[in-house]
Amino acid sequence: QVQLVESGGGLVHTGGSLRLSCAASGSISSSNSNVMGWYRQAPGKQRDLVATINSGGATRYADSVEGRFTISRDNAKNTVYLQMNSLKPEDTGVYYCNSRFFSGSIRVGRDYWGQGTQVTVSS
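Attention in this report is confined to the structure presented alongside it. Worth saying up front: this structure is predicted, and the values here are computed from it rather than measured.

**Structural notes on the pairing of strand E7 (residues 69-74)**
Looking at chain direction, E7 and strand E8 (residues 79-84) are connected through 6 bridges and run antiparallel. The residue of E8 that forms the bridge with Phe69 is Met84. Counting the residues that bridge the hairpin from E7 to E8 gives 4 residues, and of these Asn78 lies at a positive phi of roughly 50°.

**Some remarks on the pattern of salt bridges**
A complete count under the given rule lists 3 salt bridges for this structure. For Asp91, the salt bridge identified is with Arg40, shortest N-O distance 2.9 Å. In this pair, Asp91 sits in the loop between E8 and strand E9 (93-103) while Arg40 sits in strand E4 (residues 33-41), placing the two residues 51 residues apart along the sequence. Both residues of the pair, Asp91 and Arg40, belong to the buried class. One salt bridge connects Arg68 with Asp91, and the closest N-O pair in it is separated by 2.8 Å. With Arg68 in the loop between strand E6 (59-61) and E7 and Asp91 in the loop between E8 and E9, the pair connects residues that are 23 residues apart, well separated along the chain. The pair formed by Arg68 and Asp91 is uniform in burial state, with each residue classed as buried. Salt bridges sharing common partners tie together Arg40, Arg68 and Asp91.

The rules we used
- Residues numbered from 1 in each chain as written.
- Predicted model: local features only at pLDDT ≥ 70, side-chain atom pairs only at ≥ 80, totals over all residues.
- Heavy atoms only, no water.
- Pairing = 2+ DSSP bridges.
- Helix = DSSP H or I, 4+ residues; strand = E, 2+ residues; numbered from the N terminus.
- Salt bridge = Lys/Arg side-chain N within 4 Å of Asp/Glu carboxyl O.
- Buried < 20%, exposed > 50% of the residue type's maximum accessible area, 1.4 Å probe, protein only.

Written as structure tokens, this is what we have:
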């Protein structure tokens, strides 16, 4: 069982920066590989992928944030980060931390989600 707690959200102007953190606790250690991700949801819209990072540090990004956002992880601290630069109003939404596990390419167990942190970018 994994618990995820996000922090670092807030209000910034267009062009500003924020760094989100997601601290994991509980039974984190596993023989399976782990992928952490950030998702966001704007009012009236679906929850969409922002970025993912696997146990080895390989990353993937949504086209809309490529070149502006950077996902990273500190395995010693069981924490994943999302550095967000050059923020735009369309980046506004609730950002959720996600954790999932794989055995090879096969997903195992349930997904874990944090409570979300609000990011608001003003014009």
